[in-house]
Amino acid sequence: DQKYSNSPQQEFNDGSSLLSLKTGGPKMLKIASHLNDDENKKPKLVILGSGWGAISLIKELEKDKYHVTVISPQNYFLFTPLLPSATVGTLESRSLMEPIRSIIKDLDAHFLEAAATAVCFNDKLVEVAPLTSNSNNGGEEKEMKSFYVPYDKLVIAVGSQSITHGIEGIQYCHSLKTINDARTIRKKIMDNFELASLPTTTLEERKQLLSFVVCGGGPTGVEFAAELYDFLTEDLVSYFPAALRKEVQVSIIQSSDHILNTYDKRISDFAEKKFERDNINVITNARVQKIEKDHVLYKMKNTNEEKELKYGLCLWSTGISMIPFAEKISSELPEQKNKRALITDNRLRLKGIKDSSVYAIGDCSTIENPKLVEGLMKFFMDADLNNDGALAYDEFSKLVKKISKSYPITSNHLRKANDLFEEFDKDKSGTLELNELRDMLENIDKKLTSLPATAQVAHQQGKYLGKKFNQLALAKSTPSNPDLDDKLDPFNYAHLGSLAYIGNAAVADFGMGYTWMGGWSAVYLWRSIYFSEQVSFRTRALIFSDWTKRFVFGRDISKF
Ligand code: FAD
């Protein structure tokens, strides 16, 4: 409090105060008053977000080590990998949500339904804004004021938003990131079918209403198209006239030459063939130019030909960017130069903050390029098993496998290992020498930008931080040893594989060339993996019940 002695302060009955920061400008904001004296003795850990990264961290933390405050505008955890299933009613929205308060109960943590708007790093305060105004007893609107929450350790796990690439007309598209997005899409699909069934609707209007266009052939776009196709063929077919069904068209516009292009090539081929059989129109090598109210304009990359596709519903799913809060933080710290995400070191500490007090995990963050070439000698000596000063092909491919376990260079790079070997074996000796290996690692370093923005990464990062914070709470820092975090292991990502549902079939890329593609056997594998990853028994039971209900009665096509 001495720190703020020159600032105007006003004490309240509940012990809280209004505070104007010396360093933070003219704002007079209340300090959150949810800390009692006992809790005040523990280090204050503030977690921003209630998604994958935050939840994994919370689940790993041991009780009584920190005073934990979770701040998020969303008072539940959302199981995003199954979100496409909620757009057509294969699963109900609530089955994918777990209340955050039930997750933090065992930790005795606090939850504030609000959004972080700024961080005063010098004063270790997060500025927080409640979501909406609420009504007081008299029914009048009460103004909701921002406030500060103090921290000793802050974890930023605020996720991301859809990237727009500056495309004009993006407001006409749907996105699929939140539970409300899934609900809106579900309603829109039914709206379009009911409208298309009216006698006043012309054939042209009907075709447009029943044209579903997905911009982006990554896992989310592909899974949505697959769910939609299942819905159309398994449920709507029994309820709507055959003439209507003939007009339905699902299209995917993808800028690169394959859908699921971060997966093994065999998986992309399998998915494309499956979609071809299902009559899903996959348009590759096409760049969206503009979205109009009722059609998408795109250009074929090879021929520059401009085309248009009418739509009744258009989903935009082409990648992610920073939310405004993360952008604000990034712009305030000179060390943050990446425009896509907040940069951390390999211990997940935010670059630009000196004292290990701020961490960033999940979609909102990226670990600074690991610079493989820096570990050159170690790589070389580990791989050169017969110590002849050069790497034979089998030694080289073991090295690539080892590297790909820790970095996201999995199948794609591995598939090219043979080419890489020949490419970098400049003297054509059939072996790679140290200077040739350096060239190769420099080449990979350039391509290595960041870990994929997946639940898997966010989950592992949250878990890593939880374990680390438990250890740090036990250890005492001393003036000669101020930063204990430096002594602990850095974060190491283990890629366990990527899954995708492609409509009564599923694919799995386990990395290092191992894949699984198939019909129902793969679907059951896909389901059982997500079933086992549920955060609570409650959501597990709800999901099981939804799958059973759909099997017995089909999907619910009522609009609400
Ligand atoms: P999120 O889980 O997005 O959580 C961010 C949290 O921050 C939210 O609770 C949000 O409300 C909160 N927040 C936002 N702004 C603020 C603020 N200002 N202050 C405080 N809190 C804030 N990944 C996979 O690995 N496998 C999959 O199959 C898969 N499928 C997906 C399907 C869909 C449809 C989507 C959208 C994503 C999918 N992902 C998948 C990606 C995965 O969901 C993300 O990588 C993961 O959610 C990232 O976790 P996170 O904790 O960084 O962010």
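Heads up: the structure comes first, above all this text.
Let us look at the structure shown here. (Residues numbered from 1 in each chain as written. Predicted model: local features only at pLDDT ≥ 70, side-chain atom pairs only at ≥ 80, totals over all residues.)

1. Section: the sheet that holds strand β21 (residues 313-316)
Item 1. In spatial order, the strands read β17-β16-β15-β21; together these four strands make up an open sheet with parallel pairing. Only two strands of the sheet have a single partner each, and these edge strands are β17 (281-283) and β21. Across the sheet, the mean angle separating the axes of adjacent strands is 15° when strand polarity is ignored.
Item 2. Sheet topology note: the strand β15 (residues 211-215)/strand β16 (residues 249-253) ladder contains five bridges and is parallel. Among the inter-strand pairings, Val213 is bridged to a residue of β16, identified as Ser251.
Item 3. Relative to the sheet, helix α7 (residues 219-239) contacts β15, β16 and β21, its axis offset from that of β16 by approximately 175°. (Pairing = 2+ DSSP bridges. Helix = DSSP H or I, 4+ residues; strand = E, 2+ residues; numbered from the N terminus. Axes fitted to C-alpha atoms, helices over the stretch in contact; angles between N-to-C directions. Contact = placed C-beta atoms within 7 Å.)

2. Describing the environment of Lys44
Item 1. Inspection of the secondary structure assignment puts Lys44 in strand β4 (residues 44-48).
Item 2. For the pair Lys44 and Lys187, spaced 143 residues apart in sequence, the C-alpha separation works out to 43 Å.
Item 3. Beyond its immediate chain neighbours, meaning those up to four positions away, Lys44 contacts His67, Pro150, Tyr151 and Asp152.

3. Observations concerning the sheet that holds strand β20 (residues 306-310)
Item 1. Taken together, the three strands give an open sheet; going across it, the order is β18-β19-β20, and neighbouring strands pair in antiparallel fashion. One side of each edge strand has no neighbouring strand; the edge strands of this open sheet are β18 (286-291) and β20. Sheet twist, expressed as the mean angle between neighbouring strand axes with direction ignored, is 30°.
Item 2. In this sheet, strand β19 (residues 295-300) lies alongside β18 in antiparallel orientation, the contact comprising five bridges. Bridge pairing links Val288 to Tyr298 in β19.

4. Quick look at the site of the ligand
Item 1. Taken together, 35 residues surround the ligand, and among them Gly49, Gly51, Gly159, Gly362 and Thr454 come closest.
Item 2. Among the secondary structure elements, those contributing two or more residues to the shell around the ligand are α2 (52-60), β5 (67-72), α3 (83-86), β8 (110-120), α7 and α16 (455-474).
Item 3. Among the residues forming the shell around the ligand, the class breakdown is 21 nonpolar, 12 polar and two charged.
Item 4. Looking at which domains feed residues into the shell around the ligand, each of domain 2 (45-134 + 141-160 + 329-369 + 451-494) and domain 3 (167-321) supplies at least three. (Near = placed C-beta within 6 Å. Nonpolar A, V, L, I, M, F, W, Y, C, P; charged D, E, K, R; others polar. Domains from an automatic or database assignment.)

5. Let's talk about the pairing of β15
Item 1. The element β15 is extensively covered by neighbouring structure, given that five of its five residues are classed as buried.
Item 2. Taking every second residue as pointing to the same face, both faces of β15 are buried, with Ser211, Val213 and Cys215 on one and Phe212 and Val214 on the other.
Item 3. Judged from the four bridges that link them, β15 and β21 form a sheet pairing that is parallel. When the bridges of β21 are listed, Phe212 appears paired with Leu313. (Buried ≥ 20, exposed ≤ 12 C-beta atoms within 10 Å, placed from the backbone.)

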